[in-house]
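The residues making up each chain are set out below.
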Amino acid sequence: MRDNPIRHRLDAGEVVIGTMVTEFATPAVARLTAAAGAEFTLFDLEHSGYGIDRMRTVLAAARSADTVPFLRVPDAAYDLIARGLDIGALGVMVPAVESAEEALFVASAARFPPVGKRGFGLLLRDEWEPEGVPATLAKANAETIVLVQIETAAGLEAVDEIAAVDGIDVLWIGHFDLTASLGIPGDFSSGRYHEAVDRILAAGAAAGKPVGMVCGSPAEGRTLVERGFRILSYSIDVILYEDVVRAGLDEMRRLLA
């Protein structure tokens, strides 16, 4: 089984930085994000048009790149969580988790017995540990990361109980959805939003679980780390692509004027 350096760095109290892919999910993209220095690459199935078949090829390729592949599934469903891990993700993110019971289901679906209920789907023998099946399952359980999104008012109310669930490794703030659920859509200057973020950070600290989210710029990332975040996705592929193309075209027009 492949080691998960993100897991080990988070366990050591370090900060990890990656990026998110929603549109350009190709077999080569993980090689590009790895070359760019992304410690993890988060692939999105919730808001993209991709299905599990497409992600099978993408994640298989990502397993050979020097970046840790995560997969955000559309819902807290066993088949999505377990199959996402079966096809190559080393971490699974579940959106809009709203209770400790739901968090416990997610954690169980992502890990093999005796700590979970994930079915044995590791069919590629080169992933087996030399000591056999028990060691393979134990290694898979130890290397897997489970990230749950706190992005609704209900999830915010239950965040302390969610954070305390064994097998939940990271709390991830879905900031746009969280503000919408709080009745302040997109208002990231609102005191209610910052109170919510502080509450999630406090819950993570109390449970010893890192908190993460997407950051839109390096400066914002620094601010978030200073605030207590330890895992950040530097933007999203479509935003990065548009920003770089616009900057290049604007500079070309300036030089040609």
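Look a little higher up for the structure.
Just so it is clear, the model here is predicted, and its values are computed rather than measured. (Residues numbered from 1 in each chain as written. Predicted model: local features only at pLDDT ≥ 70, side-chain atom pairs only at ≥ 80, totals over all residues. Heavy atoms only, no water.)

J.: Explain the sheet that holds strand S8 (residues 231-236) to me, using residue names and the numbers behind them.
T.: With parallel pairing, the 8 strands of this closed barrel are ordered in space as S1-S2-S3-S4-S5-S6-S7-S8. Ignoring which end each strand starts from, the neighbouring axes of this sheet average 25° apart. Helix H10 (residues 191-207) contacts strand S5 (145-150), strand S6 (170-173) and strand S7 (211-215) of the sheet and is inclined by roughly 170° relative to S6. (Pairing = 2+ DSSP bridges. Helix = DSSP H or I, 4+ residues; strand = E, 2+ residues; numbered from the N terminus. Axes fitted to C-alpha atoms, helices over the stretch in contact; angles between N-to-C directions. Contact = heavy atoms within 4.5 Å.)

J.: Quick rundown of the side chain of Glu-143? Include the residues and the values.
T.: Examined against the element boundaries, Glu-143 turns out to sit in helix H6 (residues 133-143). The buried charged residue Glu-143 lacks any salt bridge partner; its closest oppositely charged side chain belongs to Lys-139, at an N-O distance of 4.7 Å. Discounting chain neighbours no more than four positions away, the residues touching Glu-143 are Arg-2, Asp-3, Asn-4, Arg-7, His-8 and Leu-90. (Buried < 20%, exposed > 50% of the residue type's maximum accessible area, 1.4 Å probe, protein only. Lys, Arg positive; Asp, Glu negative; His and termini not counted. Salt bridge = Lys/Arg side-chain N within 4 Å of Asp/Glu carboxyl O.)

J.: Kindly report on the side chain of Thr-41, identifying the contributing residues and their values.
T.: Along the chain, Thr-41 turns up in strand S2 (residues 40-44). Residue Thr-41 is classed as buried on the basis of its relative accessible area of 0%. Of note is the side chain of Thr-41, whose polar atom sits 2.7 Å from the side chain of Thr-33. Contact partners of Thr-41, with chain neighbours within four places excluded, come to Thr-19, Val-21, Thr-33, Thr-67, Val-68, Pro-69 and Phe-70. (Polar contact = N/O pair within 3.5 Å; in protein donor to acceptor, adjacent residues only side chain to side chain.)

J.: With reference to specific residues and values, describe the packing of aromatic side chains.
T.: As enumerated under the stated definition, the model contains 6 aromatic pairs in all. Here the aromatic rings of Phe-176 and Phe-188 are separated by 5.0 Å at their centres, their planes lie at 90°, and the arrangement is edge-to-face. Pair noted here: Phe-176 is in helix H9 (residues 175-181) and Phe-188 is in the loop between H9 and H10, with a separation of 12 residues, a long-range link. Taking the centre distance of 5.3 Å and the plane angle of 70° together, the rings of Phe-188 and Tyr-193 count as edge-to-face. Of the residues examined, Phe-188 reaches a relative accessible area of 27% and is grouped as partly exposed. Members of the aromatic cluster, each reached through a chain of ring pairs, are Phe-112, Phe-120 and Trp-128. (Phe/Tyr/Trp six-rings, centres within 6.5 Å; stacked < 30°, edge-to-face > 60°.)

J.: Can you explain the pattern of salt bridges? Please cite residues and give values.
T.: A full pass over the atoms with the stated rule returns 18 salt bridges. With a shortest N-O distance of 2.7 Å, Glu-127 and Arg-63 are connected by a salt bridge. Of this pair, Glu-127 sits in the loop between helix H5 (100-109) and H6 while Arg-63 sits in the loop between helix H3 (52-62) and strand S3 (68-72), and the two are 64 residues apart along the sequence. By relative accessible area, which is 18% here, Arg-63 ends up buried. A salt bridge links Asp-169 to Arg-111; the shortest N-O distance between them is 2.7 Å. Highlighted residues: Asp-169 in the loop between helix H8 (159-163) and S6 and Arg-111 in the loop between H5 and H6, separated in sequence by 58 residues. The network of salt bridges with common partners includes Arg-7, Asp-11, Arg-111 and Asp-169.

J.: Please set out the pairing of S7 residue by residue, giving values where relevant.
T.: With 5 of its 5 residues buried, S7 lies for the most part within the structure. The pairing of S6 with S7 spans 2 bridges and is classified as parallel. In the sheet register, Leu-171 faces S7, and the bridge partner there is Val-211. Pairing of S7 with S8, which is carried by 4 bridges, proceeds in the parallel orientation. The residue of S8 that forms the bridge with Gly-212 is Ile-231. Crossover handedness for the path S7 to helix H11 (residues 218-227) to S8: right-handed. (Right-handed = clockwise from strand over helix to strand, strands pointing away.)

J.: Report on helix H2 (residues 29-36), specifying residues and quantitative values.
T.: Taken residue by residue, H2 has Val-29, Ala-30, Thr-33 and Ala-34 as its buried positions. Viewed end-on, H2 has its buried residues packed into an arc of 135°, placing them on one side of the element. Exposed and oriented more than 90 degrees from the buried face of H2 are Arg-31, Leu-32, Ala-35 and Ala-36. Tucked into the core, H2 has its buried residues touching strand S1 (16-21), S2 and H3. (Arc of directions from axis to C-beta.)

J.: How would you summarise the packing of helix H4 (residues 78-86) against H5 if you had to cite specific residues and measurements?
T.: Where H4 meets H5, the axes come as close as 9 Å, and the angle between the chain directions of the two elements is 35°. Crossing angle aside, the handedness with which H4 passes H5 is right-handed. Where H4 abuts H5, its residues Tyr-78, Ile-81 and Ala-82 lie against Phe-105, Val-106 and Ala-109. Each residue belonging to the contact of H4 with H5 can be placed in one class, and the counts come to 6 nonpolar, no polar and no charged. (Left-handed = near helix turned anticlockwise from the far one by under 90°. Nonpolar A, V, L, I, M, F, W, Y, C, P; charged D, E, K, R; others polar.)

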